[in-house]
Amino acid sequence: MNCYNGEKYLKEAIESVYAQTYRNWEIIFWDNASTDNSKRIAISFDSKLHYFLGERTITLGAARNKALSKCN
């Protein structure tokens, strides 16, 4: 899940993943250097969500590739 200043809908988006009946998943959360409360929201979830913070804002494709490199 890539995010840049997405706090308005972020909790709802993450909760929609947690609500699924399929349980073998993880969220790789790539924060693209947000300046809002995205980090606070993301880290409020359990260890199935793995939070990573980019040093600076990059393009969406590059951010996806960074997140993919963190997948198990």
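Please refer to the structure higher up on the page.
Let me begin by describing the structure that accompanies this report.

Calculation criteria
Residues numbered from 1 in each chain as written. Predicted model: local features only at pLDDT ≥ 70, side-chain atom pairs only at ≥ 80, totals over all residues. Heavy atoms only, no water. Pairing = 2+ DSSP bridges. Helix = DSSP H or I, 4+ residues; strand = E, 2+ residues; numbered from the N terminus. Contact = heavy atoms within 4.5 Å. Axes fitted to C-alpha atoms, helices over the stretch in contact; angles between N-to-C directions.

A few words now on the sheet that holds strand 1 (residues 2-3). As summarised here, the arrangement of the three strands in space is 1-2-3, forming an open sheet in which the pairing is parallel. This sheet does not close on itself; its edge strands, each paired only once, are strand 1 and strand 3 (49-53). In terms of strand pairing, strand 2 (residues 27-31) meets strand 3 through five bridges, oriented parallel. Among the inter-strand pairings, D31 is bridged to a residue of strand 3, identified as L53. Strands in contact with helix 1 (residues 7-18) are strand 1, strand 2 and strand 3; relative to strand 2, the strand with the most contacts, it is inclined by about 165°.

Shape is all these values report; function is a separate question.
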